[in-house]
Amino acid sequence: MSESINTVCVQGGYRPGDGEPRQIPIYQSTTWKYDTSEHMGKLFDLEESGYFYTRLQNPTNDFVAAKIAELEGGTAAMLTSSGQAANFFAIFNIAGAGDHAVASSAIYGGTYNLLAHTMHRMGLECTFVSPDCSDEELEAAFQPNTKAVFGETIANPALTVLDIERFACAAHAHGVPLIVDNTFPTPINCRPIEWGADIVTHSTTKYIDGHGASVGGVIVDSGKFDWTAYPDKFPGLTQADETYHGVVYTERFGLEGAYITKATAQLMRDLGSIQSPQNAFLINLGLESLHLRMVQHNKNGLEVAKFLRDHPRVAWVRYPGLEEDSEFARAQKYLTPGASGVVSFGVAGGREAAESFMKHLKIAQIATHVADARTCVLHPANATHRQMNDEELAAAGISPDLIRLSCGIEDTQDLIADIAQALEAEN
Ligand SMILES: *Cc1c(COP(=O)(O)O)cnc(C)c1O
């Protein structure tokens, strides 16, 4: 019987046996004991699966990762200490010094820095393309050493919607996987693997946790990308790993397990960055209501966007679910349940008007956060991008009046009333 995604949110990943705890146990243990060192040796050779040290794997994490894999329609997943770690590992697992990646230019600032600067220092080159680039521009971005294509389903904070099918086709034509950061839609609003994405990442810090309680990330593998068809491009997956007595990941673990096993066995081993089991437990509590919360986020996002569109003090609104939005057609295709709760807009009167508006909000609170149960609001020109002058902001695609409003799950009319009184308040 195949279960609805709503049921998987509540019950996926962990099915207790007779007399076992109903809720996922928190395995608060760094290490595991074995009767013989021979048995432990087999674990170290990846000959048998089993836990030995929480830097690499922990059962609490694996229950939650299995639930997220099921939600995204993947075959395997791993939790990471943050969304940043998830995107770093997702790319670094298949690309390193001397390699190249293609990425959408409309991505989270942290991921842009990771690709443009930090991974660049590690020897990975990245070409950024507009998500609206022509087919010729997309084609021209690829190089013989390209190993991956990266984009965000709904970009943070630009709120552009990635044409997943188009980017997946281009990636596959060049023999490389498409990695999609699906943080804003969550698997409730979009499942990128169904549209051709090969690997999906999340900052679980956002909607998946949903309660502002724990920083974390996840990587999900579709199991669909055939690494063995391009053995020269992906030797790390298709050739012997001498640090595990010559295991070949694709041979030992199949296409469904090779990518995540390699990331666990090599990257977690050498770089750490696992999510704490406590945090995994917390994000699972979030997942249990994700399907219910997203309905209200979607509703609040759309209703607030419509209210802002019709308000005389609002200069412009960007929300992919709004009919007149440039992203609407793609949102209709990829985000049928809804376009999530994040709206950006400008208040007439520019930077000062934005500041005054935010000061008067009562329910919506100023926070460096997004995709939370509580409505929060950020003025990038005054916060994350405050070192930039107006011209530099324009080059980054952020106008001085831009306000990013992340609609929570409060009552829709209460939210609209709060925004209305703040727009109408005397400066
Ligand atoms: C927040 C965010 C990240 C980074 O996640 P952290 O959990 O803060 O490390 C990555 N991608 C997107 C789209 C995000 O919104």
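Just so it is clear, the model here is predicted, and its values are computed rather than measured.

**Q** Residues and numbers for unusual backbone geometry, please.
**A** Cis geometry is found at the peptide bond from Asn156 to Pro157, where omega equals 5 degrees. Along the chain, the position of Pro157 falls in the loop between strand S4 (146-152) and helix H7 (164-173). Unusually for a residue other than glycine, Ser273 sits at a positive phi of about 75 degrees. As for its position among the elements, Ser273 is in the loop between helix H10 (249-271) and helix H11 (277-288). In the Ramachandran plot, Ala371 falls in the positive-phi region, its phi being about 65 degrees despite a non-glycine side chain. Checked against the element boundaries, Ala371 lands in the loop between strand S10 (365-366) and strand S11 (376-378).

**Q** Explain the packing of helix H4 (residues 83-92) against helix H5 (residues 109-121) to me, using residue names and the numbers behind them.
**A** At a minimum axis separation of 10 Å, H4 and H5 run at an interaxial angle of 45 degrees. When the interaxial angle is binned, H4 and H5 end up oblique. Between H4 and H5 the crossing geometry is right-handed. Of H5, the residues touching H4 (which contributes Gln84, Asn87, Phe88, Ile91 and Phe92) are Gly110, Thr111, Leu114, Leu115 and Met119. Of the residues contributing to the contact of H4 with H5, the split by class is six nonpolar, four polar and no charged.

**Q** Would you mind going over the nonpolar core in detail, with residue names and values included?
**A** Membership of the largest hydrophobic core comes to 116 residues, with the highest contact counts inside it found for Leu115, Leu178, Ile219 and Phe357. Examining the composition of this core, we find that eight residues originate from one element, H10, more than from any other. When residues of this core are assigned to domains, at least three fall in each of domain 1 (5-285) and domain 2 (291-424). Setting aside residues up to four positions removed in sequence, Leu115 forms contacts with Ile91, Ala103, Ile107, His120, Leu124, Cys126, Phe128 and Phe150.

**Q** Tell me about the layout of surface pockets, and please be specific about residues and values.
**A** Volume-wise, the largest pocket comes out at about 800 Å³. In this structure, the largest pocket is lined by 30 residues; those nearest its centre are Ile107, Gly109, Asn156, Pro157 and His385. Those elements that place two or more of their residues in the lining of the largest pocket are H5, strand S8 (314-318) and strand S12 (402-406). The element that contributes the greatest number of residues to the lining of the largest pocket is H5, accounting for four residues. Each of domain 1 (5-285) and domain 2 (291-424) gives at least three residues to the lining of the largest pocket. Roughly 540 Å³ of internal volume is contained in the second largest pocket. Residue lining of the second largest pocket: 29 residues in total, with Ser49, Gln57, Asp62, Thr261 and Thr264 positioned closest to the centre. Sorting the residues of the lining of the second largest pocket by element identifies helix H3 (59-72), strand S1 (76-80) and H10 as the ones contributing at least two each.

**Q** So what about the domain arrangement of the protein chain? Which residues, and what values?
**A** For the protein chain, the assigned domains read domain 1 (5-285) and domain 2 (291-424). Tallying the contact residues gives 32 residues for domain 1 and 29 residues for domain 2. The contact between domain 1 and domain 2 buries some 2,600 Å² in all, and 59% of this surface belongs to carbon and sulfur atoms. Linking domain 1 with domain 2 are two salt bridges. As a salt-bridge pair, Glu165 and Lys333 come within 2.5 Å of each other at their nearest N and O atoms. Contributing elements (two or more residues each) for the side of domain 1 that touches domain 2: helix H1 (5-11), H7 and helix H8 (186-189). Grouping the constituent residues of the side of domain 1 that touches domain 2 by class yields 16 nonpolar, 10 polar and six charged.

**Q** So what's going on with the packing of H11 against helix H12 (residues 290-309)? Residues and values would help.
**A** The N-to-C vectors of H11 and H12 enclose an angle of 60 degrees; their axes lie 5 Å apart at closest approach. It follows from the interaxial angle that H11 and H12 lie oblique. When H11 is examined against H12, the residues Gly286, Leu287 and Glu288 are found in contact with a partner set consisting of Leu290, His291 and Arg293. Classifying every residue of the contact of H11 with H12 gives two nonpolar, two polar and two charged.

**Q** Tell me about the sheet that holds S11, and please be specific about residues and values.
**A** Pairing in this open sheet of five strands is mixed, and the strands run S8-S9-S12-S11-S10 from one edge to the other. Edge strands, defined here as strands with exactly one partner in the open sheet, are S8 and S10.

**Q** Break down the pairing of strand S6 (residues 199-203) for me, citing the residues and quoting the values.
**A** Burial analysis of S6 places five of its five residues in the buried class, the great majority of the element. Of the two faces of S6, the one lined by Ile199, Thr201 and Ser203 and the one lined by Val200 and His202 are each fully buried. The pairing of strand S5 (residues 178-181) with S6 spans three bridges and is classified as parallel. Within S6, the residue paired with Asp181 across the bridge is Thr201. As defined by bridge partners, S6 adjoins strand S7 (residues 217-221) across five bridges and the pair is classed as antiparallel. Within the sheet, the bridge partner assigned to His202 lies in S7 and is Val218.

Rules used throughout
- Residues numbered from 1 in each chain as written.
- Predicted model: local features only at pLDDT ≥ 70, side-chain atom pairs only at ≥ 80, totals over all residues.
- Heavy atoms only, no water.
- Helix = DSSP H or I, 4+ residues; strand = E, 2+ residues; numbered from the N terminus.
- Axes fitted to C-alpha atoms, helices over the stretch in contact; angles between N-to-C directions.
- Parallel < 35°, antiparallel > 145°, perpendicular 65-115°, else oblique.
- Left-handed = near helix turned anticlockwise from the far one by under 90°.
- Contact = heavy atoms within 4.5 Å.
- Nonpolar A, V, L, I, M, F, W, Y, C, P; charged D, E, K, R; others polar.
- Core = buried A, V, L, I, M, F, W, Y, C linked by side-chain atoms within 4.5 Å.
- Buried < 20%, exposed > 50% of the residue type's maximum accessible area, 1.4 Å probe, protein only.
- Domains from an automatic or database assignment.
- 1 Å grid on protein atoms, 1.4 Å probe; cavity = no way out; pocket = protein on both sides within 12 Å on 5 of 7 lines; lining within 4 Å.
- Points joined across faces, edges and corners; volume = space filled by probe spheres on them.
- Buried area = accessible area lost by both parts, 1.4 Å probe.
- Salt bridge = Lys/Arg side-chain N within 4 Å of Asp/Glu carboxyl O.
- Pairing = 2+ DSSP bridges.

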